[in-house]
Amino acid sequence: HRRPQRRFRFRIRNDTGWDEPVIAPFSGRFGDRAPRFSPDGRWLYLPAPVNSDEYEYGPTLSPDGRSLYFTSHRRGNADVYRIPLDALGLSAGR
């Protein structure tokens, strides 16, 4: 028995209620299982490898939006790392 593939879906609210779910065009490219919102609620981001080929997950932005915290198994254990967004070529609000 196989589990169904997880896909990121969204709905849009209109004047009469909610539209039917639509699979997002980016679904399947990143980790669809644990989307996160930015602290201000304006941005949605998905788990993806941060800066290694190891299993990395649980990205969370710092309250000021300048750093990313994530879990990585790069040393064999689940350790939490912090990286400034500018080191990834990103900035707060992007």
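Placed above this text is the structure.
First, a word on scope: everything that follows refers to the structure included in this document. This one's a predicted model, so the numbers in the text were calculated from it and none came from an experiment.

Another aspect to go through is the overall build of the chain. From N to C terminus, the chain includes zero helices and nine strands. Along the chain, helices and strands appear, N-terminal first, in the series β-β-β-β-β-β-β-β-β. Counting contacts in the chain only where the partners sit at least 6 residues apart, residues at least 24 apart contribute 12% of the total.

Below, the discussion takes up a nonpolar patch on the surface. On the surface, Phe-10, Ile-12 and Val-22 cluster together into a nonpolar patch covering about 240 Å² of accessible area. Within the secondary structure, Phe-10 is located in strand 1 (residues 9-10).

Checked against the element boundaries, Glu-56 lands in strand 7 (residues 56-61). For Glu-56, a relative accessible area of 8% gives the class buried. One polar contact links Glu-56 to Ser-72, side chain to side chain, over a distance of 3.2 Å. One polar contact links Glu-56 to Arg-74, side chain to side chain, over a distance of 2.6 Å.

Side-chain pairs of opposite charge can arise where the charged atoms are in close proximity. For the structure shown, the criterion picks out one salt bridge. In this structure, Glu-56 engages Arg-74 in a salt bridge whose closest nitrogen and oxygen atoms are separated by 2.6 Å. Linking Glu-56 in strand 7 with Arg-74 in the loop between strand 8 (67-72) and strand 9 (79-84), this pair joins segments that are 18 residues apart in sequence.

So, about the side chain of Ser-67. Relative to the elements of secondary structure, Ser-67 occurs in strand 8. The class for Ser-67 is buried, based on a relative accessible area of 10%. Within the structure, the side chain of Ser-67 is placed 3.2 Å from the side chain of Arg-82, a separation counted as a polar contact. With residues near it in sequence (within four places) discarded, Ser-67 still touches Thr-60, Leu-61, Ser-62, Arg-82, Ile-83, Pro-84 and Leu-85.

Attention now goes to the pairing of strand 7. Sheet topology note: the strand 7/strand 8 ladder contains four bridges and is antiparallel. Bridging from a neighbouring strand, Glu-56 pairs with Ser-72 of strand 8. With antiparallel pairing between neighbouring strands as the criterion, strand 7 and strand 8 make up a hairpin whose turn holds five residues, including Gly-65 at a positive phi of roughly 75 degrees.

Criteria and cut-off values
- Residues numbered from 1 in each chain as written.
- Predicted model: local features only at pLDDT ≥ 70, side-chain atom pairs only at ≥ 80, totals over all residues.
- Heavy atoms only, no water.
- Helix = DSSP H or I, 4+ residues; strand = E, 2+ residues; numbered from the N terminus.
- Contact = heavy atoms within 4.5 Å.
- Patch = residues over 30% accessible without salt bridge, like charges linked within 9 Å, V, L, I, M, F, W, Y side chains within 5 Å.
- Areas by Shrake-Rupley, 256 points an atom, 1.4 Å probe, with all protein chains shown as cover.
- Salt bridge = Lys/Arg side-chain N within 4 Å of Asp/Glu carboxyl O.
- Buried < 20%, exposed > 50% of the residue type's maximum accessible area, 1.4 Å probe, protein only.
- Polar contact = N/O pair within 3.5 Å; in protein donor to acceptor, adjacent residues only side chain to side chain.
- Pairing = 2+ DSSP bridges.

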